[in-house]
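In case you want the letters, here they are:
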Amino acid sequence: MALDGMSLDQLRTLLAAAEEGSFSAAARKLGRAQSVVSQTLANLEKQLGVRLFDRSGRYPRLTDHGQALLNDARAIADGMDSFKAHAKTLREGLEPELSLSIDAMFPLSVLTEAVGSFRGAFPYTPLRLYVEVLGAVIEPVLLGACQVGVSGTLPIVPESMRSEPLLDVPMVTVVAPVHSLASYKGVIPLTELQKHVQLVLTDRSKLTEGQSYGVYSQNAWRLADLGAKHAFLRAGFGFGHMPVFMVEDDIAGDRLRVVRIEMPGVMNMFMPMHAVYRRDAPPGPAGRWLIQRLKRRADGESSSK
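Everything quoted here is computed from the prediction, not taken from an experiment. (Residues numbered from 1 in each chain as written. Predicted model: local features only at pLDDT ≥ 70, side-chain atom pairs only at ≥ 80, totals over all residues. Heavy atoms only, no water.)

Draft legend 1. Focus on the overall build of the protein chain. Looking only at helices and strands, one finds 10 helices and 11 strands in the protein chain. Relative to its full complement of 305 residues, the protein chain shows a buried share of 39%. The contacts of the protein chain with a sequence gap of at least 6 include a subset with a gap of at least 24, amounting to 71%. A total of about 16400 Å² of accessible surface is found on the protein chain, and carbon and sulfur atoms cover 53% of it. (Helix = DSSP H or I, 4+ residues; strand = E, 2+ residues; numbered from the N terminus. Buried < 20%, exposed > 50% of the residue type's maximum accessible area, 1.4 Å probe, protein only. Contact = heavy atoms within 4.5 Å. Areas by Shrake-Rupley, 256 points an atom, 1.4 Å probe, with all protein chains shown as cover.)

Draft legend 2. Molecular detail of unusual backbone geometry. A positive phi is found at Asp 254, a non-glycine position, where the angle reads about 55°. Mapped onto the elements of the fold, Asp 254 is located in the loop between helix H9 (244-252) and strand S10 (257-258). The exposure class of Asp 254 is partly exposed, given its relative accessible area of 39%.

Draft legend 3. Up close: the environment of Arg 32. When you line up the elements, Arg 32 lands in the loop between helix H2 (23-30) and helix H3 (34-48). Setting aside residues up to four positions removed in sequence, Arg 32 forms contacts with Asp 9, Thr 13 and Ala 27.

Draft legend 4. Local environment of the packing of aromatic side chains. Per the stated rule, a full pass over the model turns up six aromatic pairs. Between the aromatic rings of Phe 23 and Phe 53, the centroid separation amounts to 5.3 Å while the plane-to-plane angle is 90°, which identifies the pairing as edge-to-face. Here Phe 53 lies in strand S1 (residues 53-54) and Phe 23 lies in helix H2, a separation of 30 residues in the sequence. Note on accessibility: Phe 23 and Phe 53 belong to one class, buried. (Phe/Tyr/Trp six-rings, centres within 6.5 Å; stacked < 30°, edge-to-face > 60°.)

Draft legend 5. Inspection of the packing of helix H1 (residues 8-20) against H3 at higher detail. It is at 9 Å that the axes of H1 and H3 come closest, and there the two elements cross at 115°. Here H1 lies roughly perpendicular to H3, going by the angle between them. When the axes of H1 and H3 are compared, the crossing they make is left-handed. For the pair formed by H1 and H3, the contact residues are Asp 9, Gln 10, Thr 13, Leu 14 and Ala 17 on the first element and Val 37, Thr 40, Leu 41, Asn 43, Leu 44 and Gln 47 on the second. Here the residues of the contact of H1 with H3 are counted per class, giving five nonpolar, five polar and one charged. (Axes fitted to C-alpha atoms, helices over the stretch in contact; angles between N-to-C directions. Parallel < 35°, antiparallel > 145°, perpendicular 65-115°, else oblique. Left-handed = near helix turned anticlockwise from the far one by under 90°. Nonpolar A, V, L, I, M, F, W, Y, C, P; charged D, E, K, R; others polar.)

Draft legend 6. View of the pattern of salt bridges. In total, this model carries 16 salt bridges according to the counting rule given. Between Glu 97 and Arg 128 there is a salt bridge, with the nearest N and O atoms lying 3.1 Å from each other. One end of the pair, Glu 97, is in the loop between helix H4 (64-91) and strand S3 (98-103); the other, Arg 128, is in strand S4 (residues 127-132), and 31 residues separate them in sequence. When its relative accessible area of 29% is taken as the criterion, Glu 97 is described as partly exposed. Residue Glu 113 pairs with Arg 293 through a salt bridge whose shortest N-O separation is 2.6 Å. In this pair, Glu 113 sits in helix H5 (residues 108-121) while Arg 293 sits in helix H10 (residues 285-303), placing the two residues 180 residues apart along the sequence. (Salt bridge = Lys/Arg side-chain N within 4 Å of Asp/Glu carboxyl O.)

Draft legend 7. Quick peek at the nonpolar core. Core analysis: the largest hydrophobic core is formed by 38 residues, its most contacted members being Met 105, Phe 106, Leu 166, Leu 167, Val 174, Met 273 and Leu 294. For this core, the elements supplying multiple residues, two or more each, are S3, H5, strand S5 (148-151), strand S6 (161-175), strand S7 (198-201), helix H8 (226-234), strand S11 (270-278) and H10. Top element by residues in this core is S6. It accounts for six residues. Ranked by size, the runner-up nonpolar core spans 17 residues in total, among them Ala 16, Ala 17, Ala 27 and Leu 62. (Core = buried A, V, L, I, M, F, W, Y, C linked by side-chain atoms within 4.5 Å.)

Draft legend 8. Examining the environment of Pro 243 more closely. Following the sequence through the fold, Pro 243 ends up in strand S9 (residues 240-243). Under the relative-accessibility criterion, Pro 243 is labelled buried at 0%. For the pair Pro 243 and Met 269, spaced 26 residues apart in the sequence, the C-alpha separation amounts to 9.2 Å. Setting aside anything within four residues of it in sequence, one finds Pro 243 in contact with Met 105, Val 169, Pro 170 and Met 171.

Honestly, that's just the spatial picture; any functional story needs more than this.
In structure tokens:
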């Protein structure tokens with residue numbers, strides 16, 4: 001078929017002639033002789049079986065058919081430019097896709113700003129994002145399903161992984177106003193906490209099987225979803241620790257109240273966040289760029305407080 005013989009060069013010539021308004025101007029733009037431009041477009045019209053330009057006037061003018069096909073020609077040319085740019089980045093070692101496993105406790109404002117900048121810096125690198133907790137953040141990185149993890153709720157990183165500090169997330173212990181602990185005066189001792197339901201995060205990964213972090217009550221409800229924990233706290237089902245950024249509006253609106261609790265000497269109310277990756281599979285240019293962006297964004301957050 002004649003249409004199979006069409007070339008990208010013909011479409012670029014069509015675009016140049018349409019944009020420049022004349023074959024001579026198109027020839028100057030393309031660095032060719034006007035006769036070559038005219039012949040290229042005549043051959044394209046012959047292959048398509050439609051007339052693209054009305055040549056009866058002083059300057060060639062797109063016909064209705066030419067106008068109708070112009071956007072398609074531009075989309076094909078732009079698509080080829082994207083294709084070549086993507087191939088160039090792959091040739092230079094850029095990841096074909098960046099997959100991340102992010103701790104649910106990580107501040108969304110920091111992540112959103114960094115990802116927005118990433119999209120501008122690496123427009124041809126798709127991003128795959130998983131939001132997890134505890135060992136479920138680390139496990140896909142260990143298995144090779146994700147290149148980079150951002151972990152906070154798992155305090156021990158396996159030896160096979162590297163860890164880079166990002167930021168500390170402030171935490172608070174909260175209860176609903178209807179909860180009996182909301183009216184407790186002073187610091188709540190561990191003996192009192194043990195009488196109440198504690199809402200804690202858990203996950204299904206093997207890395208944290210049988211382990212507990214920051215659990216004070218013998219009556220603990222374990223939830224694998226931070227959103228569910230948030231809702232249960234607001235419903236008055238128990239007490240629990242939450243990142244400040246997730247509950248500050250609830251505290252301001254008296255939907256949750258901060259309580260002071262007795263804590264072991266090794267515990268504090270900050271959760272350190274780290275970027276983690278396998279030692280034998282460090283991130284490529286895109287992953288490295290995003291880690292650095294998260295660090296800069298985190299530094300900006302700290303300096304503004």
